[in-house]
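Here's the letter readout for the chains.
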Amino acid sequence: MSAVPVEEIARLMLSSTNNLTLHTGNIINWNHLKRKTSQNAGEEVLECLSATLNVWSSTVDPSWMNEESNNALVITNPNQMERISEDERSKLKVSVKIFLLKWDPDLVVEAVDQVCSELDIGVVDSVLLALPPLEAEMGEELTVNHILPIWEPMERLYDVERVSAIGTSDLDKEMLEQTHGMARVKPTINQVNVVSCCVIPPDLTAFAKENDIQLLTHSDPRDVLPTPTFQDILRGSSHDDHVDEWQPFWVLRYTVMVKCRGVIKAKGYIVNGRRHATDMPLSVA
Amino acid sequence: MGLLSLGSPLSWEETKKWADHVRKHGIQQLINIYRRLKDRHGDVLKWGDEVEYMLVVLDENNRTARLSLKGNQVLEQLEKRERESPNDPPTTWRPEYASYMIEGTPGKPYGGLMGHFNMVESNMRLRREELLSLLDRELGETAISFTVFPRLGSPAFTDPQVECNPTVNTASRSLFFPDAAINHHPRFRTLTRNIRERRGEKVCINIPVFQDKNTPKPFRETFSNGDEESRKAAKDDHIYMDCMGFGMGCSCLQMTFQACNIDEARHLYDQLAPLCPIFLALSAAAPVYRGYLADVDCRWNIIAGSVDCRTREERGLEPLKDDKFVIPKSRYDSIDCYLTPEAQKYNDIDLVLDQDICQQLEDAGIDRLLARHFAHLFIRDPISLFSEKIHLNDDEESDHFENIQSTNWQSMRFKPPPPNSPIGWRVEFRPTEVQLTDFENAAYVVFIVLLTRVILSYNLNFLIPISKVDENMQEAQKRDAVRQGLFWFRKEVLPPNECCEEDPKPKPAAKSYSQYNGSCQQEEYTKMSINEIINGQAGGFQGLVSLMNSYLETVEIDVDTRCSVQQYLRLIQKRASGELMTTARWIRAFVQNHPKYKYDSVVSDEIAYDLTKVSDEITKGIRSCPELFGMLNSRTKVSLPPVVHKKLRKENPDHDILT
């Protein structure tokens, strides 16, 4: 084994898995992310994932991996790991945004479980859900019937007190009102793109106010991790000939803030992608 | 400006006798505070701003603007309202040095939620409305947040007009600034008199006059009531000022924040010190003194000169005989030393300090850096003392400590917690000049407080040798420094990388910043324009705003707050780039474009009237002023977003912050 170059081990490991989870660890002190005068979450994800994979593939160490099943591979950047100790947990607020890339309700729970296990916490203070792009067979327009099935796992996470507050992202007034009306556990947050923070439609503001919904801002692109980008990241590190069989399933960003002090303690991304042989159908709920 | 005790003030001769007593017990009080509270930890962010206003009377018929001396009267009404307010009053009012000045602060501190950034401007508006509601509009009374009144110290600048000459002005002996314009509280006259008497002569401020095409060369004034002293003191081509009122009669904008513990307070003190000159230049608002255009844009050196109580020996003009130290700076000036071990190597100017006090502090367990800081502040004599407040219980009170601490008016202030209070270790940022409008003032305040959060989150490092900060402080005051000045600034403010980034291999060549020392330090900083510091350099320093945006993209922030913060950052960015004018540049342009201006540097009564009137209209939003702040407009709110508000009331029923 020792004679095999590490890059070769990395390649072998990647080719033998169909389910890959990458965790950047705490990126708050990654200087190159702050050197640019402007950067959006898309570029940030791309850079952190590439860096994580690069480090991994050049220094593969079995302790970095968690082979839960025989083909799920979890890669965490160990230099960047910051687990939250129990005594500091009450002073911290952990906020999560899930960018769901497939309309599969199970992925929501999976993503939340993953972040809890990575940070070693039992409860997430808030989870926001950004919807996947509409798929061909789903029609032209987003309706509440698309939203409710993937909102349902959010409600369950809230029920079991895994998550203290749940919210949505980029819903317009119509969609927010309908979701709010039909959901069993109502969203208490809706995120709006920062470019419109000075020009929020008055009806959205009014609806949010009446229903105790916080309107928060984000500056995330519509598609935070396009499939070709994800494949390029893998191609760069794995030398896998079949990278075009890979697709990203979800991207999760967490932020850990010190309560009432406005200080960011940690921030990171966790991304899950899966491989399908080209002749196999995608499993979509 | 510091604590106010009622009672009988002592003369300078008396005060001097008690100087060692005050210092000795002041240090003991500090030691007691330190012992009790050095390990205090876990305080949340609380912060506040202070805005100073000038009461002005605009006389439309005679086209004059005068400073109204009814500050005490108005303050009494404001304080009465505050006392009688059934709920917690949202504003608090305090006296200031001059009887035309009043200081307003929020009724309770703002807290550590993002939504608090959106309340600053509304609270400032509320303050201004409260103040204006007590003034008589029919009589032309108004309140303006000028840094300096353009005709301060010119003939008849007060309302009512009062006699002004060295004989009636027993406290200041000023030719220009009547004692009647000093706040009636005895502390202020005592300070004025004691500073002069301690110094052994009147204070002497000479600020270069702006040389316009018709300005006499040499520019030399004759003073009708002038004496030998003023003839000697006034320099050619300078605007001469001769008393405390010219400095302490200026307004400024200050902010104070509570740190989570003593170490964080020291850290923020150090990190913000190099930013003082940058924000002095960015906020420049004081280009006119005693009715003349000056060749400087800021108040700083004027105030420094106005309270310079050093004797001739202390100023190094005569050999030391009766005094202990030669002291290079006034009690009001830029700080002389950093407080954290990381910054120690940048303490490159000789620190004048009282060795005995330093030793006493070290013996009490205070580390050397902090001991040196306080032993440096304590080279000063008390300049105001009340007979009722001489013998104190050092365990319960801190008046003697505060006496010296609060008359060291430096660019930053490191504030230990008061004894027996819930307040923690705090830091005050003091260089900013006050702006005309609430929008602008909120922008500067929010920028600085937000920056402290970014400093703590990203562990930024702005340290440069303290001598370079001093150089910057002088550079900042020059005319149009914001566009033309160059300032020492660190090339790299991000901490050294402990971690792998894109490059997985260890980087043997990378220098950690602790490895820099001696000559290598030169590589750490370079000269930059304000624009580069704020907006970044192509391929070089990324700029403060980009770091702040990165922070803002990470934290949870509601839409209204984000909108307002965006507008505030844009104001600062555009001031830095020169696209928008600083208040100083705008005032200068206003004077120079006035039809009655004769290109002789004189800001006449009539020009001052128009300037004041237009400033008042801009302040009140009756007149737009795109040169100053473009079309920027915030979405400020009087309280936190309703949802947050509700939640907070539930979680924190004591609500010791503004909600």
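What you see is a predicted model; the values in this text were computed from it and never measured. (Residues numbered from 1 in each chain as written. Chains lettered and ligands numbered in written order. Predicted model: local features only at pLDDT ≥ 70, side-chain atom pairs only at ≥ 80, totals over all residues. Heavy atoms only, no water.)

(A) Summary view of the layout of surface pockets. All names here are of chain B. If you add up the space inside the second largest pocket, you get close to 1500 Å³. Taken together, 49 residues line the second largest pocket, and the ones lying closest to its centre are E50, E103, T256, K415 and R426. Secondary-structure elements contributing two or more residues to the lining of the second largest pocket are β1 (47–59), β3 (91–95), β4 (101–106), α7 (245–248), β9 (253–258), α13 (399–405), β14 (412–415) and β15 (426–429). Among the elements that make up the lining of the second largest pocket, the one with the highest residue count is β1 (five residues). (1 Å grid on protein atoms, 1.4 Å probe; cavity = no way out; pocket = protein on both sides within 12 Å on 5 of 7 lines; lining within 4 Å. Points joined across faces, edges and corners; volume = space filled by probe spheres on them. Helix = DSSP H or I, 4+ residues; strand = E, 2+ residues; numbered from the N terminus.)

(B) Unusual backbone geometry, seen in detail. Residue and element names in this part refer to chain B. The peptide bond linking D159 to P160 adopts the cis configuration, its omega dihedral lying at 0°. Mapped onto the elements, P160 comes out in the loop between β6 (158–159) and α5 (186–199). A positive phi angle is found at Y599, which is not glycine, with a value near 60°. Summarising the element assignment, Y599 is placed in the loop between α20 (583–592) and α21 (605–619). Despite not being glycine, S601 shows a phi value in the positive range, around 75°. Summarising the element assignment, S601 is placed in the loop between α20 and α21. A residue is classified by how much of its surface remains accessible, and S601, at 0% relative accessible area, is buried. (Buried < 20%, exposed > 50% of the residue type's maximum accessible area, 1.4 Å probe, protein only.)

(C) Quick look at the environment of B:T561. Residue and element names in this part refer to chain B. Tracing the chain through its elements places T561 in helix α19 (residues 559–577). A residue is classified by how much of its surface remains accessible, and T561, at 1% relative accessible area, is buried. When the C-alpha positions of T561 and R635 are compared, they lie 7.1 Å apart, and in sequence the two are 74 residues distant. If sequence neighbours within four positions are ignored, T561 has contacts with M114, G115, F117 and N118. Engagement of the side chain of T561 in a polar contact is seen with the side chain of D558, the distance being 2.6 Å. (Contact = heavy atoms within 4.5 Å. Polar contact = N/O pair within 3.5 Å; in protein donor to acceptor, adjacent residues only side chain to side chain.)

(D) Looking closely at the packing of aromatic side chains. Applying the stated criterion to the full structure yields 27 aromatic pairs over all chains. Between B:W586 and B:F590, the ring centres sit 5.8 Å apart and the planes meet at 45°, which makes this aromatic pair tilted. In this pair, B:W586 and B:F590 both sit in helix α20, four residues apart, roughly one turn of the helix. Across the pair, B:F590 and B:W586 agree in class, each one buried. An aromatic cluster is built from B:F157, B:F176, B:F177, B:F223, B:Y240 and B:F246, whose rings are joined through pairwise contacts. Taking NZ or CZ as reference, A:K102 lies 5.6 Å from the ring centre of A:F249, over its face. One Lys or Arg, B:K468, reaches over the ring of B:W488 and ends 4.8 Å from the middle of that ring. (Phe/Tyr/Trp six-rings, centres within 6.5 Å; stacked < 30°, edge-to-face > 60°. Lys NZ or Arg CZ within 6 Å of the ring centre and 35° of its normal.)

(E) View of the sheet that holds strand β5 (residues 163–169) of chain A. Residue and element names in this part refer to chain A. The strand order across the open sheet built from nine strands is β2-β1-β9-β8-β3-β4-β5-β6-β7, with neighbouring strands paired in mixed fashion. Only two strands of the sheet have a single partner each, and these edge strands are β2 (72–76) and β7 (214–218). For this sheet, the mean inter-axis angle between neighbouring strands, taken without regard to orientation, is 20°. Sheet strands in contact with helix α3 (residues 41–58) are β1 (19–23), β2, β8 (246–258) and β9 (263–275), and its direction is about 75° off that of β9. (Pairing = 2+ DSSP bridges. Axes fitted to C-alpha atoms, helices over the stretch in contact; angles between N-to-C directions.)

(F) Looking closely at the packing of α20(B) against α21(B). Residues and elements named next belong to chain B. In the contact formed by α20 and α21, the axes pass within 10 Å of each other and the chain directions differ by 135°. It follows that α20 is oblique to α21 by the angle criterion. At the point where α20 passes α21, the crossing takes the right-handed sense. Only I607, D610, L611, V614, S615 and I618 of α21 make contact with α20, whose side of the interface consists of W586, I587, F590 and V591. (Parallel < 35°, antiparallel > 145°, perpendicular 65-115°, else oblique. Left-handed = near helix turned anticlockwise from the far one by under 90°.)

(G) Examining the state of the cysteines more closely. Residue and element names in this part refer to chain B. This structure, assessed with the given rule, holds one disulfide over all chains. Lacking any disulfide linkage, C164 is separated from the closest cysteine sulfur, that of C243, by 8.0 Å. What makes C164 partly exposed here is its relative accessible area of 21%. The thiol of C276 is not disulfide-bonded; the next cysteine sulfur, from C252, is found 12 Å away. (Disulfide = S-S within 2.5 Å.)

(H) Summary view of the environment of B:V56. Residues and elements named next belong to chain B. With respect to the secondary-structure elements, V56 resides in strand β1. With 469 residues separating them along the chain, V56 and Y525 place their C-alpha atoms 45 Å apart. Ignoring sequence-local partners within four residues, the contact set of V56 consists of A65, R66, L67, S68, G140, E141, T142, I144 and T612.

(I) Focus on the side chain of B:T190. All names here are of chain B. By the secondary structure assignment, T190 is in helix α5. Given a relative accessible area of 3%, T190 falls into the buried group. Sequence-distant contacts of T190, that is, excluding residues within four places in its chain, are made with P9, L10, I383 and S384.

(J) Spatial organisation of the confidence of the model for chain A. Scored by pLDDT, chain A has a mean of 88; 89% of the residues are at 70 or more. Considering only residues more than four positions removed or in separate chains, one finds that residues 279–285 of chain A, a stretch of pLDDT under 50, has eight contacts. (pLDDT = per-residue confidence, 0-100.)

(K) Local environment of empty space enclosed by the protein. For the structure on display, the rule yields eight cavities of 30 Å³ or more. Taken as a whole, the largest cavity encloses approximately 170 Å³ of empty space. At the level of secondary structure, the elements contributing two or more residues to the lining of the largest cavity comprise β3 (92–100), β7 and β8 of chain A together with α18 (544–554) of chain B. Among the residues forming the lining of the largest cavity, the class breakdown is five nonpolar, six polar and four charged. (Nonpolar A, V, L, I, M, F, W, Y, C, P; charged D, E, K, R; others polar.)

(L) Focus on the pattern of salt bridges. Residue and element names in this part refer to chain B. For the coordinates displayed, the defined rule picks out 70 salt bridges over all chains. R266 is the partner of D367 in a salt bridge, and the nearest nitrogen-oxygen pair spans 2.8 Å. Residue D367 is located in the loop between α11 (355–363) and α12 (368–377), and its partner R266 is located in helix α8 (residues 262–272); the two are separated by 101 residues in the primary sequence. Notably, a salt bridge pairs E475 with K478, separated by 2.9 Å at the nearest N-O pair. Exposure remark for E475: the relative accessible area of 17% places this residue in the buried category. In this structure K478 comes out as partly exposed when scored by relative accessible area, which is 46%. Via salt bridges that share partners, D20, R23, R198, E314 and D381 belong to a single interconnected network. (Salt bridge = Lys/Arg side-chain N within 4 Å of Asp/Glu carboxyl O.)

(M) Examining helix α23 (residues 642–651) of chain B more closely. Among the residues of α23(B), B:V643, B:V644 and B:L648 are the ones counted as buried. Down the axis of α23(B), the buried set is contained in an arc of 125°. They therefore lie on one face. Elements in contact with the buried residues of α23(B): β7 of chain A. (Arc of directions from axis to C-beta.)

(N) Looking closely at helix α15 (residues 466–477) of chain B. Residue and element names in this part refer to chain B. For α15, built from 12 residues, the straight-helix expectation of 16 Å at 1.5 Å per residue is met to within 8% by its first-to-last C-alpha distance of 17 Å. Taken across its 12 residues, α15 has 10 buried, putting it largely inside the fold. The set of residues buried in α15 consists of I466, S467, K468, V469, D470, N472, M473, E475, A476 and Q477. Of the surrounding elements, those touching the buried residues of α15 are α9 (276–282), α10 (300–306), α16 (481–484), β16 (487–490) and β17 (525–528). (Expected span 1.5 Å × (residues − 1).)

(O) Layout of the interface of chain A and chain B. With 41 residues of chain A at the contact, the number on the chain B side is 42 residues. Taken together, both faces of the contact between chain A and chain B bury some 3800 Å²; the carbon and sulfur share is 55%. In this assembly, chain A and chain B are joined by three salt bridges. With its nearest N and O atoms 3.2 Å apart, the salt bridge here joins A:K93 to B:E556. Run the count over chain A and chain B and you get 14 residue pairs in polar contact (both at pLDDT 80 or more). Among the elements of the structure, α2 (31–35), α3, β3, β7, β8 and β9 of chain A are those that each provide at least two residues to the side of chain A that touches chain B. (Buried area = accessible area lost by both parts, 1.4 Å probe.)

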